[in-house]
Amino acid sequence: MADLLAPNAIRLAERAGSREEAIRRCGAVLVEIGAVAPTYVDAMLAREQSVSTYIGEGVAIPHGTLNSKESVRRDALAVLRFPDGVDWDGVDVRVCVAIAAAGDGHVEILSKLASVLMDPAQAERLRNSTDVDEVITILEEEPS
């Protein structure tokens, strides 16, 4: 997982006034870490317009469309926490796990994220974490 989620791609005190602004912040982090070209952010917004990336427990997984793979320079993740929440079409999102994937290297982390979200206590830990190392631990540790 260390090759997909670097500590500098975890931001735990973000603010966004809208779902679009939150997605733009997620995309900006992926651009900043060199994972995607700036055009990928538009693809993330297009994906959200076609289908919501909200997956439950206050978490969304913004990502690009299938046609945006050419904008991906390397598979990567970014985790952004929005302590004040973001209105995601009527639901409150506190954490976004942004995905940049040209291949399938992200599938394992999505599986792990699903197991975290199925455990309400772990999901709460992820939503409330203010420590980068703890976020990495939550996403790497084996389910109990």
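Note that the coordinates shown come from a computational prediction; the quantities given were computed from them, not determined experimentally.

Caption draft 1: Highlighting the pairing of strand S5 (residues 91–100). A large share of S5 lies buried, amounting to 7 of its 10 residues. Across 2 bridges, strand S3 (residues 59–60) lies against S5 in parallel orientation. Within S5, the residue paired with Ala60 across the bridge is Cys96. Bridge analysis of strand S4 (residues 76–88) against S5 gives 9 bridges, and the strand direction is antiparallel. For Trp88, the partnering residue across the bridge sits in S5 and is Val91. In textbook terms, the turn of a hairpin is the stretch between consecutive antiparallel strands, and for S4 and S5 this stretch comprises 2 residues, one of which, Asp89, has a positive phi near 55 degrees.

Caption draft 2: Structural view of the side chain of Arg127. Counting through the fold element by element, Arg127 comes out in helix H4 (residues 120–128). Classification of Arg127 by relative accessible area gives buried; the value is 19%. For Arg127, the side chain forms a polar contact with the side chain of Glu57, separated by 3.0 Å.

Caption draft 3: Broad picture of the nonpolar core. The biggest cluster of nonpolar side chains holds 46 residues, and the ones touching the most others in it are Leu5, Leu30, Val79, Trp88, Val97, Leu113 and Leu126. When residues of this core are traced back to their parent elements, those giving at least two are helix H1 (19–32), helix H2 (39–50), S3, S4, S5, helix H3 (107–118), H4 and helix H5 (132–140). For Leu30, the residues in contact, after removing those within four places along its chain, are Ala35, Val36, Tyr40, Met44, Ala76, Leu77, Ala78, Ala98, Ile99 and Ala100.

Caption draft 4: Region of interest: the packing of H1 against H2. Between H1 and H2, the shortest axis-to-axis distance is 9 Å and the interhelical angle comes to 145 degrees. Like other packed secondary-structure pairs, H1 and H2 cross with a definite hand, here right-handed. Of the residues in H2, those touching H1 at Arg19, Glu20, Ile23, Arg24, Cys26, Gly27, Ala28, Leu30 and Val31 are Tyr40, Val41, Asp42, Met44, Leu45 and Glu48. Split by residue class, the contact of H1 with H2 holds 9 nonpolar, 1 polar and 5 charged.

Caption draft 5: Fine view of H5. By the burial criterion, the buried members of H5 are Val135, Ile136, Ile138 and Leu139. Here the buried residues of H5 occupy an arc of 160 degrees about the axis, which is enough to place them on one side. Two or three places before Asp133, at the start of H5, stands the capping residue Asp131, its side-chain oxygen 3.2 Å from that residue's backbone nitrogen.

Caption draft 6: View of the environment of Ala6. Residue position: Ala6 is located in the segment before strand S1 (10–11). For Ala6, a relative accessible area of 26% translates into the label partly exposed. When the C-alpha positions of Ala6 and Val132 are compared, they lie 9.7 Å apart, and in sequence the two are 126 residues distant.

Rules of the game
- Residues numbered from 1 in each chain as written.
- Predicted model: local features only at pLDDT ≥ 70, side-chain atom pairs only at ≥ 80, totals over all residues.
- Heavy atoms only, no water.
- Buried < 20%, exposed > 50% of the residue type's maximum accessible area, 1.4 Å probe, protein only.
- Helix = DSSP H or I, 4+ residues; strand = E, 2+ residues; numbered from the N terminus.
- Pairing = 2+ DSSP bridges.
- Polar contact = N/O pair within 3.5 Å; in protein donor to acceptor, adjacent residues only side chain to side chain.
- Core = buried A, V, L, I, M, F, W, Y, C linked by side-chain atoms within 4.5 Å.
- Contact = heavy atoms within 4.5 Å.
- Axes fitted to C-alpha atoms, helices over the stretch in contact; angles between N-to-C directions.
- Left-handed = near helix turned anticlockwise from the far one by under 90°.
- Nonpolar A, V, L, I, M, F, W, Y, C, P; charged D, E, K, R; others polar.
- Arc of directions from axis to C-beta.

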